[in-house]
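# Structure assessment
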Amino acid sequence: MEVLEQVKKKIYEFIEVCNYPKALELLEKLSTGKMLRSKLILKIAGLSEDSIKLCAVVEMIHAASLLHDDVIDEADTRRGKPSINALYSDKTSIMFGDILYSRAFTELSQMDKRVAYHISNTVTELSIGEMMDVDLTLTFNTSYDKYLTMIYKKTASLIEASARSAAILVGLDSEKYALYGKNLGLAFQMIDDILDITQDSETLGKPAMLDFVEGKVTIPYLYLYERVEEKDYLKSLYKKELNSEELNWIKTKFKETNALNDSINEARKIGLEAINSIKDEKNSKDLVDIMKDMIEREF
Ligand code: FPP
Ligand code: MG
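In what follows, the accompanying structure is described. Keep in mind the model is a prediction, meaning the values are calculated, not measured.

As a further point, take the packing of helix α6 (residues 90-108) against helix α7 (residues 113-136). If you want to describe how two helices pack, look at the angle between their axes and the distance between the axes. It is at 10 Å that the axes of α6 and α7 come closest, and there the two elements cross at 160°. When the interaxial angle is binned, α6 and α7 end up roughly antiparallel. Here α6 runs over α7; the crossing is left-handed. Where α6 abuts α7, its residues Tyr 101, Phe 105 and Leu 108 lie against Val 115, Ala 116, Ile 119, Ser 120 and Val 123. By residue class, the composition of the contact of α6 with α7 is seven nonpolar, one polar and no charged.

Below you can see the structure in the form of structure tokens.
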């Protein structure tokens, strides 16, 4: 059986224990996505009962966080398919998130103590990151530090904990892998934020350039604000449905100021830092490939 299939089977078994058919019905409705975190864990820890369990726990926590996030963001699609809140209700999405998340924690409590500590601690970071994300959409944020802290907590922390925990399972230098995971996660979120601008809505599975309308001042907009002369005009477009003239103005300014290209370069730089921390490890080639897969997406 393909390894990622084994992870999916483990998740199924973990939910089957609930003995509640609706939980399995909802599980079937989730699309698993790229399973980046599992791929990372398996590259570092190899295939074993413990590594498959760790993958399942991490994917369940990640899925739970997205089920809650879709309610918070009022999103009707997830990975190009209708979200659980759209198909059922907000209540169902929250409750199913709670089932996934608590079942993951029960399993986690039976695992290596250090793994249990790092993974559970990260869920607090995720939750704070989500709260920061929501709070940062209230007013136009111009602080790069706040943006970086928020994406670290919301996205990079779970990837960091996954890499660290995988290294712990097989006795590798966990600090090196944690740093790799942290920088991989930061670059990953930055690229996601860049793709919101560069890709069309069909590829994204949601409207393009939505972040700014929703109040998210992501890295390209932070650079743009720093560099553009018409700061007040840019601010006046914040959280507004943009007409084509306004959209074109933003796109032109992205080019003129190099804000978009420099954001891509910044994400690449962080990606290289990730690679640097594991370059002397024996599985470094695989970890470089994971990074390349992620960074060399269509901009
Ligand atoms: C997606 O961000 C959201 C996250 C990566 C984290 C959400 C975290 C929580 C809701 C707290 C943790 C809760 C539990 C139950 C574990 P996004 O909205 O920027 O990305 P998107 O476009 O994929 O929705
Ligand atoms: Mg969201």
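What follows covers the coordination of the magnesium ion (ligand 2). Donor atoms from the polypeptide that bind the magnesium ion (ligand 2) are Asp 69 (OD) and Asp 73 (OD), placed at 1.9 to 2.1 Å. For Asp 73, a relative accessible area of 31% gives the class partly exposed.

On to the environment of Gly 80. For Gly 80, the position within the fold is in the loop between β1 (77-78) and β2 (81-82). Residue class for Gly 80 comes out exposed when judged on its relative accessible area of 56%. A sequence separation of 122 residues divides Gly 80 from Glu 202, and the C-alpha atoms of the two residues are 9.0 Å apart.

Quick look at the pattern of salt bridges now. Applying the stated criterion to the full structure yields 19 salt bridges. Note that Lys 216 and Asp 133 form a salt bridge whose closest N and O atoms lie 4.0 Å from each other. Here Asp 133 lies in helix α7 and Lys 216 lies in the loop between α11 (210-213) and α12 (219-227), a separation of 83 residues in the sequence. Each of the two residues, Lys 216 as well as Asp 133, counts as buried. Because the salt bridges share partners, they merge into one network encompassing Lys 9, Lys 10, Glu 13 and Glu 49.

So, about the side chain of Ser 157. Relative to the assigned elements, Ser 157 resides in helix α8 (residues 144-169). Ignoring anything within four residues of it in the chain, the contact list for Ser 157 reads Thr 122, Glu 125, Leu 126 and Tyr 152.

Analysis parameters
- Residues take numbers from 1 onward in each chain, read along the sequence in its written order.
- As a convention, the first chain written is A and the first ligand written is 1, with the rest following in written order.
- Only residues with pLDDT of at least 70 are given local features in this predicted model, and only at 80 or more are side-chain atom pairs given and counted; all residues enter the totals for whole chains, interfaces and linings.
- Excluding hydrogens and water, the side-chain figures rest on all heavy atoms present in the structure.
- Only C-alpha atoms enter the line fits that serve as axes; for helices the fit covers just the stretch in contact. Angles between N-to-C directions range over 0 to 180 degrees.
- Where helices and strands are cited, they refer to DSSP runs of H or I of at least four residues and of E of at least two residues respectively, numbered from the N terminus.
- Should an angle fall under 35 degrees it is called roughly parallel, over 145 degrees roughly antiparallel, and 65 to 115 degrees roughly perpendicular, with every other angle called oblique.
- The crossing is said to be left-handed when, going from far helix to near helix, the turn is anticlockwise and less than a right angle, and right-handed when the turn is clockwise.
- Contact criterion: two residues are considered in contact whenever any of their non-hydrogen atoms come within 4.5 Å of each other.
- Basically, the charged four are Asp, Glu, Lys and Arg, the nonpolar ten are Ala, Val, Leu, Ile, Met, Phe, Trp, Tyr, Cys and Pro, and anything else, Gly included, counts as polar.
- Here the term donor refers to an N, O or S atom within 2.8 Å of the metal (or 3.2 Å for Na, K and Ca), and because water is left out of the atoms, sites may appear incomplete.
- To sort residues, take the accessible area from a 1.4 Å probe on protein chains only and compare it with the maximum for the residue type: under 20% means buried, over 50% means exposed, and anything in between is partly exposed.
- One speaks of a salt bridge when a side-chain nitrogen belonging to Lys or Arg is within 4 Å of a carboxyl oxygen belonging to Asp or Glu.

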